[in-house]
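# Secondary and tertiary structure notes
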Amino acid sequence: MTGIQIQELTKRFGDNVALQNVSLTFQPGKIYGLLGRNGAGKSTLLGIAANRLFADSGQVLIDGEPACENDRAQKKLYMMSEKNLYPKDMRVRDVFRWSERFYGSFDRQQAQVLAQQFGLNTKKRVKELSTGYTSIFKLIVALCLDVPYLFLDEPVLGLDANHREMFYHLLLKNYADEPRTIIIATHLIEEVANLIEEIAIIDEGRLLMSQSVQSLLDSGYCVSGKAGDVDAYAAGKKVIGEDVLGGLKTAYILGSCDRQALCDSGLELSKLNLQKLFVELTKKEGEQ
Ligand SMILES: Nc1ncnc2c1ncn2[C@@H]1O[C@H](COP(=O)(O)OP(=O)(O)OP(=O)(O)O)[C@@H](O)[C@H]1O
């Protein structure tokens, strides 16, 4: 298994460039956070890999094989997204049956157990499910499939806090039992921060970065204190953002910290937080 290679993908919708020359690799057996602001191109990227959309140029390889119109490659992945691909009149239990037939590896017994845990009525038709239960139903399918590549596009859409916690817990257990590549596209960065090992950020159709969460968090730090002292310390350093409250300031800085200078000026040092880092890295001109 060599993972999923995204090679120089470009996709336009009319004049709108959704992806521009994006290349990155999703390695086998890792959990990725695919992050980006609204309209950044996350769903488009996953949709092309899952053969739901065609790229204008570039390609996606799944274990070295082209993903485009290739059933053998596509059977290795499951994409859960907002778009409902199941016939709306089908009952949930029939989708479970169908999944078993199509993928072979679907654990229908486990799906029934999870449905009971989440309170999902499997006799209901897909079209009768609420937004949250539509997500739950698709998540159960994803969790019960034995495929090496799982794409979860906004997986917890509409789920209440209890169900979100249940899902994250189940996902981690599922991963611990059988590691596979899981790509989670989400805006709920804090909720997945402890779940993901790797991060890929897309900004306006371009890849901004792809690296391990740990190395990203270790690449900088926060400094807080009196605004004048923070400014003096930060001068000449790579400041990616600031928060000001009265006379106090927090600066988000990339690079290694000068502990002696911090100590001398009485400034407080703290770790970067993934969501804050993302916000600062993807902030547009004029945004606070
Ligand atoms: N079918 C389509 N027709 C026209 N434009 C589209 C289509 N699908 C996506 N786009 C455009 O492509 C760009 C990328 O959209 P995409 O859905 O991939 O972003 P995203 O990062 O998943 O966004 P969000 O987080 O808001 O769901 C956006 O500008 C979007 O409007």
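What counts, and where the lines are drawn
- Residues numbered from 1 in each chain as written.
- Predicted model: local features only at pLDDT ≥ 70, side-chain atom pairs only at ≥ 80, totals over all residues.
- Helix = DSSP H or I, 4+ residues; strand = E, 2+ residues; numbered from the N terminus.
- Buried ≥ 20, exposed ≤ 12 C-beta atoms within 10 Å, placed from the backbone.
- Contact = placed C-beta atoms within 7 Å.
- Expected span 1.5 Å × (residues − 1).
- Arc of directions from axis to C-beta.
- Axes fitted to C-alpha atoms, helices over the stretch in contact; angles between N-to-C directions.
- Left-handed = near helix turned anticlockwise from the far one by under 90°.
- Pairing = 2+ DSSP bridges.
- Near = placed C-beta within 6 Å.
- Nonpolar A, V, L, I, M, F, W, Y, C, P; charged D, E, K, R; others polar.
- Domains from an automatic or database assignment.
- UniProt positions renumbered as here; feature names shortened; annotations may be inferred.

As recorded by an unreviewed UniProt entry, the protein carries the name ABC transporter ATP-binding protein and is attributed to Neobittarella massiliensis.

Attention now moves to the overall build of the protein. The number of helices and strands found in the protein is 11 helices and 14 strands. For the protein, the spread of C-alpha atoms along the principal axes amounts to about 65 × 40 × 35 Å. Here the protein, with 288 residues, has 34% of them falling under the buried criterion. Long-range contacts, defined as pairs at least 24 residues apart, comprise 67% of the intrachain contacts of the protein with a sequence gap of at least 6.

Moving on, we come to helix α3 (residues 92-103). Helix length check: α3 (12 residues) gives 16 Å between terminal C-alpha atoms against 16 Å at 1.5 Å per residue, within 8%. For α3, every residue scored as buried is listed here: V92, V95, F96 and S99. On an axial view of α3, the arc spanned by its buried residues comes to 105°, and they lie on one face. The inward-facing, buried residues of α3 abut α4 (108-118) and α5 (131-144). At the C-terminal side of α3, G104 shows a positive phi close to 75°.

On to the packing of α4 against α5. At a minimum axis separation of 9 Å, α4 and α5 run at an interaxial angle of 145°. Where α4 crosses over α5, the handedness of that crossing is right-handed. Contacts from Q110, A111, L114, A115 and F118 in α4 reach I136, I140, L143 and C144 in α5.

Glancing now at the sheet that holds strand β13 (residues 248-254). On the basis of which strands lie adjacent, the open sheet formed by 4 strands has the order β12-β13-β11-β14 and antiparallel pairing. The open sheet has two free edges, formed respectively by β12 (238-245) and β14 (268-270), since each of these has just one partner strand. Ignoring which end each strand starts from, the neighbouring axes of this sheet average 20° apart. Strand direction decides the pairing type here: strand β11 (residues 220-226) and β13, joined by 7 bridges, are antiparallel. Counterpart to K226 in the pairing with β13 is L248.

We now examine the environment of N273. Looking at the element boundaries, N273 is found in the loop between β14 and α11 (274-281). By C-beta crowding, N273 is classed as partly exposed, having 15 other C-beta atoms within 10 Å.

The next subject is the sheet that holds strand β5 (residues 65-66). Here 4 strands make up an open sheet; going across it, the order is β2-β1-β4-β5 and the pairing antiparallel. Of all strands in the sheet, those bounded by a partner on one side alone are β2 (16-26) and β5. Note: strand β1 (residues 4-13) against strand β4 (residues 57-62), 5 bridges, orientation antiparallel. The residue bridging I6 from the neighbouring strand is V60, located in β4. Its contacts with the sheet put helix α1 (residues 42-49) on β1, β2 and β4, and the angle it makes with β1 is roughly 120°.

A few words now on the site of the ligand. Near the ligand, the surroundings consist of F13, N16, A18, G36, N38, G39, A40, G41, K42, S43 and T44. Counting residues per element, the ones that place at least two in the shell around the ligand are β2 and α1. Per-element accounting of the shell around the ligand gives the leading share, 3 residues, to α1. Among the residues forming the shell around the ligand, the class breakdown is 3 nonpolar, 7 polar and 1 charged.

Now for the domain arrangement of the protein. Interface size, as often reported, equals the accessible area lost upon joining of the parts. Taken domain by domain, the protein consists of domain 1 (4-215) and domain 2 (220-271). Using C-alpha coordinates to define each centre, domain 1 is positioned 38 Å away from domain 2.

Here the UniProt feature "domain: ABC transporter" (unreviewed entry) sits at residues 4-229. Annotated as residues 4-229, this span is 35% helix and 31% strand, and its ends, taken at the C-alpha atoms, are 47 Å apart.

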